[in-house]
Amino acid sequence: MILQIEDVLCTFCGCLCDDIRVEVNEGRIEKVRGACRLGSSKIMGHNRIKSPMIRKDGELVEVGYEDAYRRAAEILVSAKHPLLYGWASTTCEALKKGILLAEEIGGVIDTTATVCHGPSIIGIEEKGLVGSTLGQIKNRADLIVFWGCNPSEAHPRHTLRYSSNACGRFVPEGRKGRKVLVIDVRETRTARNADRFLRIQPGTDYEIISALRMIIGGKADSLPEDIAGVPRKDLIEIADMMKNAKFGAIFFGLGLTHSRGRYKNVDNALSLVSELNSHTKFVIMAMRGHYNVTGAGQVLAWSSGYPMAVDYARGAPYYNPGETSCCDLLSRRDVDAALIIASDPASNLPRGCVEALGEMPVIQIDPFENPTTLFADVVIPSAIAGIEAEGTAYRMDGLSLRLRKLVDTEYPSDVEILQAILDNIRRLRDDN
Amino acid sequence: MIIKGGIVYDPANGIFGEEMDICIENGRIAEDAGGEVIDARGLLVMPGGVDAHSHIAGPKLNTGRIMRPDDSRMGTEPRTRVCRPSTGYTVPNCYAIGYRYARLGYTTAFEAATPIIEARHTHEELEEIPIVDKGALTLFGSNWTVMECVRDNDLGRLAAYVAWGLRAARGYGVKIVNPGGGEAWGFGSNVKSVHDPVPHFDVTPAQIIRALAEVNERLRLPHSIHLHFNNLGRPGNYTTAIETLELLKDIKPSRMRQVVHVAHMQFSAYGGTGWKDFESKASVIADYFNQTNHATMDLGQIIFGPATTMTADAPLEYANARIGHQKWSNHDIELEESSGVVPWVYMRKMPVNAVQWAIGLELALLTRDPWKVVMTTDHPNGGPFVNYPEIISLLMSREKREEEMKTLHEVVRSRSTLPSIERELDWSEIVIMTRAAPARILGLEDKGHLGIGADADVSIYNIKPEEIDPSKDHAEVKAGMSRAKYTIKGGVVVVRDGEIVAAPQGRTYWVDAAVPESEMDRMLSALKEKFERYYSIRMSNYMVQDAYLSNPFVVRAGVQPLKEVI
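Residues numbered from 1 in each chain as written. Chains lettered and ligands numbered in written order. Predicted model: local features only at pLDDT ≥ 70, side-chain atom pairs only at ≥ 80, totals over all residues.

**Re the overall build of chain B**
Line of reasoning, step 1. Scanning chain B from N- to C-terminus turns up 18 helices and 24 strands.
Line of reasoning, step 2. Out of the 566 residues in chain B, the part that is buried amounts to 62%.
Line of reasoning, step 3. Sequence separation of at least 24 residues holds for 78% of the intrachain contacts in chain B that already meet a minimum separation of 6. (Helix = DSSP H or I, 4+ residues; strand = E, 2+ residues; numbered from the N terminus. Buried ≥ 20, exposed ≤ 12 C-beta atoms within 10 Å, placed from the backbone. Contact = placed C-beta atoms within 7 Å.)

**A short note on the pairing of strand β22 (residues 400-403) of chain A**
Residues and elements named next belong to chain A.
Line of reasoning, step 1. The pairing of strand β21 (residues 391-394) with β22 spans four bridges and is classified as antiparallel. The partner of Gly391 across the bridge, within β22, is Leu403.
Line of reasoning, step 2. Counting the residues in the hairpin turn of β21 and β22 gives five residues, including Gly398, whose phi is positive at 90°. (Pairing = 2+ DSSP bridges.)

**Description of the domain arrangement of chain A**
Many analyses report the size of an interface as the accessible area lost when the parts associate.
Residues and elements named next belong to chain A.
Line of reasoning, step 1. One can read the domain layout of chain A as domain 1 (2-41), domain 2 (47-116 + 291-431) and domain 3 (118-286).
Line of reasoning, step 2. Once you take the C-alpha centre of each, domain 2 and domain 3 turn out to be 34 Å apart.
Line of reasoning, step 3. Of the residues lining the interface, eleven residues belong to domain 2; the matching set on domain 3 comes to nine residues.
Line of reasoning, step 4. Taken together, the residues of the side of domain 2 that touches domain 3 sort by class into seven nonpolar, three polar and one charged. (Domains from an automatic or database assignment. Nonpolar A, V, L, I, M, F, W, Y, C, P; charged D, E, K, R; others polar.)

**A look at the interface of chain A and chain B**
Line of reasoning, step 1. Contact residues are listed per partner, giving 52 residues for chain A and 45 residues for chain B.
Line of reasoning, step 2. Elements with a minimum of two residues in the side of chain A that touches chain B: α3 (92-105), α4 (118-127), β8 (130-132), α5 (134-140), β15 (281-286), α12 (293-304) and β22 of chain A.
Line of reasoning, step 3. Split by residue class, the side of chain A that touches chain B holds 18 nonpolar, 19 polar and 15 charged.
Line of reasoning, step 4. Across three bridges, the pairing between β8 of chain A and strand β16 (residues 329-333) of chain B is parallel. Within the sheet, the bridge partner assigned to Gly131 of chain A lies in β16 of chain B and is His331 of chain B.

**Side note on the confidence of the model for chain B**
Line of reasoning, step 1. This prediction gives chain B a mean pLDDT of 97; 99% of its residues lie at or above 70.
Line of reasoning, step 2. For residues 562-566 of chain B, every residue scores under 50 in pLDDT, and the model assigns this stretch one contact once sequence neighbours within four places are set aside. (pLDDT = per-residue confidence, 0-100.)

**Side note on the packing of helix α8 (residues 205-216) of chain A against helix α9 (residues 232-244) of chain A**
All names here are of chain A.
Line of reasoning, step 1. Remark: α8 packs on α9, axes separated minimally by 9 Å, with the N-to-C direction vectors making an angle of 65°. In this structure, the crossing between α8 and α9 has a hand that is right-handed. Judged by residue contacts, Ala211, Leu212, Ile215 and Ile216 of α8 engage Leu235, Ile236, Ile238, Ala239 and Lys243 from α9.
Line of reasoning, step 2. Tallied by class, the residues present in the contact of α8 with α9 amount to eight nonpolar, no polar and one charged. (Axes fitted to C-alpha atoms, helices over the stretch in contact; angles between N-to-C directions. Left-handed = near helix turned anticlockwise from the far one by under 90°.)

**A word on the environment of Met74 of chain B**
Residue and element names in this part refer to chain B.
Line of reasoning, step 1. Secondary-structure assignment places Met74 in the loop between α2 (69-72) and α3 (94-104).
Line of reasoning, step 2. Residue Met74 is classed as partly exposed on the basis of its C-beta count, with 16 C-beta atoms lying within 10 Å.
Line of reasoning, step 3. Residues Met74 and Thr87, spaced 13 residues apart in sequence, show a C-alpha to C-alpha distance of 6.5 Å.
Line of reasoning, step 4. Discounting chain neighbours no more than four positions away, the residues touching Met74 are Gly88 and Tyr89.

**Notes on the pairing of strand β18 (residues 337-341) of chain A**
All names here are of chain A.
Line of reasoning, step 1. In terms of burial, β18 is largely enclosed, as five of its five residues are buried.
Line of reasoning, step 2. Along β18, one buried face is formed by Ala337, Leu339 and Ile341 and the opposite face, lined by Ala338 and Ile340, is buried too.
Line of reasoning, step 3. Where strand β6 (residues 82-86) lies against β18, five bridges are found, and the strand directions are parallel. Of the residues in β18, the one forming a bridge with Tyr85 is Ile340.
Line of reasoning, step 4. As judged from the four bridges shared by β18 and strand β19 (residues 362-366), these two strands associate in the parallel manner. Residue Ile340 lies in a different strand from β19, and its bridge partner there is Gln364.

**Observations regarding the environment of Pro222 of chain B**
All names here are of chain B.
Line of reasoning, step 1. By secondary structure assignment, the location of Pro222 is in the loop between α8 (205-218) and β10 (225-228).
Line of reasoning, step 2. Separated by 333 residues in the primary sequence, Pro222 and Val555 place their C-alpha atoms 8.0 Å from one another.
Line of reasoning, step 3. Each residue touching Pro222, except ones within four places of it in the same chain, is listed here: Arg255, Leu442, Gly443, Val511, Val555 and Ala557.

**As for unusual backbone geometry**
All names here are of chain B.
Line of reasoning, step 1. The omega angle of the peptide bond from His379 to Pro380 is -10°, so this bond is cis rather than trans.
Line of reasoning, step 2. Among the secondary structure elements, Pro380 is positioned in the loop between β18 (373-374) and α13 (388-396).
Line of reasoning, step 3. Phi at Asn178 takes a positive value of approximately 35°, unusual for a residue other than glycine.
Line of reasoning, step 4. When you line up the elements, Asn178 lands in the loop between β9 (173-177) and α7 (181-184).
Line of reasoning, step 5. Phi at His200 takes a positive value of approximately 70°, unusual for a residue other than glycine.
Line of reasoning, step 6. By the element assignment, His200 lies in the loop between α7 and α8.
Line of reasoning, step 7. Looking at His200, the number of C-beta atoms within 10 Å reads 14, which means it is partly exposed.

**A closer look at the sheet that holds strand β1 (residues 2-8) of chain A**
Residue and element names in this part refer to chain A.
Line of reasoning, step 1. Spatially, β1-β2-β3 is the arrangement adopted by the three strands of the open sheet, whose pairing is antiparallel. The sheet is open, and its two edges are formed by β1 and β3 (28-33), each paired on a single side. For this sheet, the mean inter-axis angle between neighbouring strands, taken without regard to orientation, is 25°.
Line of reasoning, step 2. With five bridges connecting them, strand β2 (residues 20-25) and β3 associate as antiparallel partners. Counterpart to Arg21 in the pairing with β3 is Arg33.
Line of reasoning, step 3. This element, helix α1 (residues 37-44), spans β2 and β3 of the sheet and lies at about 170° to β3.

**Observations concerning helix α5 (residues 144-151) of chain B**
All names here are of chain B.
Line of reasoning, step 1. Of the residues making up α5, those classed as buried are Thr145, Val146, Met147, Cys149 and Val150.
Line of reasoning, step 2. In this fold, the buried residues of α5 make contact with α6 (155-169), α7, α8 and α18 (517-533).
Line of reasoning, step 3. Positioned one or two residues after α5, Asn153 has a phi angle of 55°, which is positive.

**Quick notes on the nonpolar core**
Line of reasoning, step 1. Ala269 of chain A together with Val45, Leu212 and Leu363 of chain B are the most contacted members of the largest nonpolar core, which totals 328 residues.
Line of reasoning, step 2. Of all the elements, helix α12 (residues 351-366) of chain B adds the most residues to this core, at eleven residues.
Line of reasoning, step 3. Excluding its chain neighbours within four sequence positions, the residues that come into contact with Val45 of chain B are Ile3, Gly6, Ile7, Val8, Ile22, Ala40, Val458 and Ile460 of chain B. (Core = buried A, V, L, I, M, F, W, Y, C linked by C-beta atoms within 7 Å.)

**With respect to the packing of α5 of chain B against α6 of chain B**
Residue and element names in this part refer to chain B.
Line of reasoning, step 1. Contact pair α5 / α6: the axes reach a minimum separation of 8 Å and the direction vectors enclose 160°. With respect to each other, α5 and α6 are oriented roughly antiparallel. Between α5 and α6 lies a crossing whose hand is left-handed. Judged by residue contacts, Thr145, Val146, Cys149 and Val150 of α5 engage Arg157, Leu158 and Tyr161 from α6.
Line of reasoning, step 2. For the contact of α5 with α6, a count of residues per class yields five nonpolar, one polar and one charged. (Parallel < 35°, antiparallel > 145°, perpendicular 65-115°, else oblique.)

This is the structure we're talking about:
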């Protein structure tokens, strides 16, 4: 029997598109309609880990779930300062369990934001965030700015659903009713859709933003003719575009957070937007990558008060990015075991950190094999959230949505796995 | 369970400080009971506290937490055998909210503002708040569908939308914040008076407020409309307050309660033409409440020290950020609202702050009927709720007020009537303002009193009302009210000697209002178009699912033929 499921959420990127149609036949997903190629490929599935595994004499050996849970619990109980890392591609419910686990074992929780929009969060701590939901931008924005991001490749449906090419109440013409400005160090596919593309030198974002702030603040005369290789008149033109918009929106990506200046770039961009509101209406939003990296920050914030890098070693949450963030802990060898869930640090962390991970026992919970599997000591395959398990995820604008279960599975969910590990930990502790 | 020998205050049932036993059976107050005996000889016993207006859950709370790691560092308490760890002062984590309310003897708290589209997040946080019963009011004041129904003068469709919106948000009541202003802010402007038309929608705030009030009564909702006035926080805004209340005078309530509840009245009782001649108009507002019977208020008392302002009144937050040179978060919500969050500090030597402080107290002391007043700080806008004992001691002691005024800017004496107010509230009045009145105002029939069948939510304090003189012993009052000797929630002892001893999951209240099917169908066909064209999510993904309310308490309401009472 073929089942058509409407309005499915795509669990790939921070767009969290919720209008996907999926065709299920005999408990298998046969077709995906309406998703981008990245989303389709995720929903169709690939390279599943077949069975739990434990490393014995250097080789991963298939075992039962109970054995894997017990071994994972032993690792976490005997660790002095374990790291629980990932969380961006699973449900909020899984992270809630993870936080409880971290509290009980005195571990550190950090999310993939640490190597992504972590600097944006620090910028927000400095200046606040002047934002909106994506629908507000779709309905109102007549100027869209993409700064250091490339949605055409990384968030393929963003432009059509929410931003430059969307139709909305006050912009019924869609793309024709909006101006699009792209600021980047190279001409991306997104830049080809722009009315105005400003190419800047790598690492000069901070100077360009500062110059725009000066122009908007009426101090253009104090600027030199040339700012980091950009003629002043070009920036005056761009500042005018911004001031003359009825509703402007800046979307920024890792181009801003991971170039020279990092959180200071974001701080400066947030200030620019705040100041633009003295002239017109303007908002700004980070282009979050993984589909629930926003939710991970939300759950951590309401549970601990902090959105990432939370250390429970003292019994109460302690937060100090630069000290308690994943990369810093690993490079200082300040953690001695790791539980990696729904992420792939082997591919995404700096090399020194990956080497540190290689030196300690690592537990991996993931539906899919990835380079982290290569050095994991316990591998626990899980159901895919949003396909085989229900739960909550937050879109890049902070809107929460419920992921559905589309097909049955033999695999336990991340929540069930974490609960089982927690039960084993409690049992081990009682025995001692 | 039997609570023996306490001095009981239960004003809703005409009990004003009598020595009596309270029996609890199956989570409710009963005629008699066995089991555990709690020795409360001579101690102050009252129903569990009810907070009718507090910001405790939802996106703006997390916005506050994320932009204020400095605040989260305050009030850190490690995990215990019973408790998850606590953090924060003005923006506590979810666990701290539940524990701190319970320690004060509070057992119910309502979140005051949630946009429908973001209600799932609100419920995610409410679920994490332990112990207290809770609910959330739903925002309707700048909603496109609401404004279109009002423009078309179609109250049948509006009633259907409000009923549907409450269901979608699993919400408890109709909240209106700076009506129309949230929409105007979509393009960076605001509405300036109740008769200033909302751009693009051809309606005025006055029309929105009246229509929602009429529909609220048509739906027989347990709570009235809950209103945050236009022009809130601006000098001279008391005229807007009175003008708005006058709009609602002739509306008949469908239940034994007010027609409008005014949120944080303090922020709308300002005179003056600017900050320089800013002054209190609390006496004018209190007179209005004394002469009319259709409105109730909560105070929104300010507390000196740090606060985090958070409101769906986004233009106000923009102004706050500019005035205070503070970091500023803004969040516009498609088709429904806008909002903002700005950290704040209230200072004793700042003239405006000193007068604001006086206004809250004046309102409580000059309004004769305590049933019209709920004690709040509009947490965390005026300051965190953990300071309620401070306010109680101020309201009960003129001596304490005098002592405090000495530490404030001198304008507190010339620009408010507080120095001349002799009234000192007694325990019955305090119990009304913190328990009985908020429960009645919210329409929570089983709360705020200790009659047979009421929820067994009881607080017992280490205060001997027959020995203490709150007028002189205000320090003891404050200390005693800060740490309940016992808090009993639903028949379970959750606090003993100021410490949390159990943390059961509370209930979440929401209102399911019935409307005629034909009206609902008519409304839905128009609403579907909104989702096709303007919302950024699908209608089928919009409603809060049952999974987010693990312990729901559904209050039924709805359109019924009104019987004439003779």
